[in-house]
Amino acid sequence: MTDGTAALEVRRLDKSFRVAGRPVRVLADVDLSVARGEFLSIVGASGCGKSTLLRLILGLDREFDGSIRVDGRPVERPGPDRSIVFQDHRLLPWLTVEANVAAALRHRRVGRAERRALVDEHLRLVGLDRFATAYPAQLSGGMAQRVAIARALVNRPRFLLLDEPLGALDALTRLRLQDELKRITAREGMTTILVTHDVDEAVYLGDRIVVMRPSPGRVATILRVPRDVARSRSDPAFIRLRDEVLGWLGVHEGEGAPREPRVDRPAAARDPSGRAGRARAGLLPAAYAAIGDPR
Amino acid sequence: MSGTASEGRAWQAWLLPAALLVAWEAAARSGLADPRFLPPLEVVAARLRTELAEGGLAGHLAASLGRDLSGFAVGSAVGVGLGLAIGFSRLVERMLSPVLLVHRQIALFAWVPLLSMWFGGGEAGKVAFIALAAFQPTVINTWQGIAGIPQGYRELGDVLLLGRLGFVRLIALPGALPRIFTGLHAALIYAWVATIGAELLLNVAPGIAGRMNEGERLFQMDLLLLCVLVLGAVGVVFNLGAGALERRLARWRIA
């Protein structure tokens, strides 16, 4: 991961916000490198700074210490190479589905015919070409999120950032869209960073899983998802890996806690005590663990 | 379904006006009220017929409406323009918002003497007063409409690389439009009220309120009451028209 080809390099990243006049540290000493075409999942409880990390990678906020380099160049502002899907679909309610997708093309003056073709192609990709002229208020939550995915893809970005994109959806829709995300990212071959608090989702989609801990947000460990893990939610290897992640998050303490975690960074980041776990034990709703257990 | 149900009950809105008309007629005919002060309905209706036949009322109504609409056009154009400037520029907001907040505290009719000194009691003074009435609700609502664009949409504009123009065109204007329209709707009503006020308080000129003055001076209660009914009817037409246009422009909300 440390060779010159890393698509994204985050080094010693520190970020603080001022809350009521006092600085609050939200990210502390975060190091990450992401290879081209990789699917990286970031899991962590609320408040661990994972969404802030995405905002910084996007270039929405330039006040931080450390460095963020995309293809070797420091990030200064949002660019067409990086796009994002927010948790709330954030479609513009006064535009039709096709106009919402086309809004992402506005910055580079594409001709009318090409614009139509691109919008069409990406609506077909998410299976919503029949709803091109509908307004967002006429769509279900899952459909709206698919439109947001089409909007994020229409510029063929090299980076797709997903900020809990399925977090607001019901369990069944979420499972279906996870498969859709998997298919789309595999087909388009872009580098993807998924922020989620759904451990199953992180394991199911990621090539690697970054586990983050809160206050201040920092990387607890990075786990590689072995290629031979059959990506079936009921596979024993899948369940083992999921339990390992839960262990790092401080859930399932005891039986699921990792002894020999697969780390690809110095083990110093490991929190040796159950201290952090106590505060977070209740943060992951039982439903997340339940989704993966159809047995 | 709810549409047909509420349409089925639309007659309920007419109950009170109908009751008032019946009470009016009963009072006038029973001798309970002096018919010199409250003439029966058919006398007012007869007056309407003669006014329409001789062309007097239509001309006066046209004069009032012309004055009203030119004041509305000037006032709301300045109001929307200034509201947009305040909404988009922090500098303009810091400079103008305190003045506007004070301006808002001054009763509209307090401007009449001042405006009549500056613009005279003729047509210019009247239109200036009507424009001021239309200005107030449009500037505040336009400003608030832009200020109320959610932070998430501003961020979206950055992420989609819309640029300043694209942000205004795709996010700010459509997002603020319902609020701007609320302001224009209120301005339409305020301007009509101001039209009557200007005609009553400033120099006599052709117009509905001019006819009311005439009715008062000549003690023609039928003319006076007819004018009041015409004023109300114009207000209702403005309201219905603005409401229909508003629903059409915001069809994405009903969906």
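One can find the structure itself at the top, above this paragraph.
Quick caveat: nothing in here was measured; it's all calculated off a predicted structure.

### Thoughts on empty space enclosed by the protein
And step 1. Tallying each qualifying case throughout the model produces 4 cavities of 30 Å³ or more.
And step 2. Estimated volume of the largest cavity: approximately 140 Å³.
And step 3. Among the elements of the structure, strand 6 (82-85) and helix 4 (141-153) of chain A together with helix 8 (151-159) of chain B are those that each provide at least two residues to the lining of the largest cavity.
And step 4. Across the lining of the largest cavity, the residue classes break down as 11 nonpolar, 4 polar and 2 charged.

### A closer look at the interface of chain A and chain B
And step 1. With 22 residues of chain A at the contact, the number on the chain B side is 19 residues.
And step 2. Summed over both partners, the interface of chain A with chain B comes to about 2,000 Å²; 73% of that surface belongs to carbon and sulfur atoms.
And step 3. For the chain A face of the interface with chain B, the top three residues by lost area are A:Arg90, A:Trp94 and A:Arg106, together amounting to 34%.
And step 4. Applying the counting criterion to the chain A and chain B interface returns 2 salt bridges.
And step 5. For B:Glu155, the salt bridge is made with A:Arg55, and the minimal N-O distance between the two is 2.3 Å.
And step 6. Counting the contacts that link chain A with chain B gives 4 residue pairs in polar contact (both at pLDDT 80 or more).
And step 7. Counted by class, the side of chain A that touches chain B contains 15 nonpolar, 3 polar and 4 charged residues.

### Concerning the side chain of A:Arg213
And step 1. Within the element layout of this structure, A:Arg213 appears in strand 9 (residues 208-213).
And step 2. A polar contact is formed between the side chain of A:Arg213 and the backbone oxygen of A:Trp248, at a distance of 2.5 Å.

### A short note on the environment of A:Leu53
Residues and elements named next belong to chain A.
And step 1. Along the chain, Leu 53 turns up in helix 1 (residues 50-58).
And step 2. Relative accessible area serves as the criterion here: at 0%, Leu 53 is assigned to the buried category.
And step 3. Considering only alpha carbons, one finds Leu 53 and Ser 232, 179 residues apart in sequence, at a separation of 29 Å.
And step 4. Apart from residues no more than four positions distant in its own chain, Leu 53 is found in contact with Leu 13, Leu 27, Leu 32 and Ile 42.

### What to know about the pairing of strand 4 (residues 65-70) of chain A
Residues and elements named next belong to chain A.
And step 1. Examined bridge by bridge, strand 1 (residues 8-19) and strand 4 share 5 bridges and lie antiparallel to one another. Of the residues in strand 4, the one forming a bridge with Val 10 is Ile 68.
And step 2. In this structure, strand 4 lies alongside strand 5 (residues 73-74), joined through 2 bridges in antiparallel fashion. If you follow Val 70 over to strand 5, its bridge partner there is Arg 73.
And step 3. Taken together, strand 4 and the strand that follows it, strand 5, pair antiparallel across an intervening segment of 2 residues, in which Asp 71 is found at a positive phi of about 50°.

Parameters and conventions
Residues numbered from 1 in each chain as written. Chains lettered and ligands numbered in written order. Predicted model: local features only at pLDDT ≥ 70, side-chain atom pairs only at ≥ 80, totals over all residues. Heavy atoms only, no water. 1 Å grid on protein atoms, 1.4 Å probe; cavity = no way out; pocket = protein on both sides within 12 Å on 5 of 7 lines; lining within 4 Å. Points joined across faces, edges and corners; volume = space filled by probe spheres on them. Helix = DSSP H or I, 4+ residues; strand = E, 2+ residues; numbered from the N terminus. Nonpolar A, V, L, I, M, F, W, Y, C, P; charged D, E, K, R; others polar. Contact = heavy atoms within 4.5 Å. Buried area = accessible area lost by both parts, 1.4 Å probe. Salt bridge = Lys/Arg side-chain N within 4 Å of Asp/Glu carboxyl O. Polar contact = N/O pair within 3.5 Å; in protein donor to acceptor, adjacent residues only side chain to side chain. Buried < 20%, exposed > 50% of the residue type's maximum accessible area, 1.4 Å probe, protein only. Pairing = 2+ DSSP bridges.

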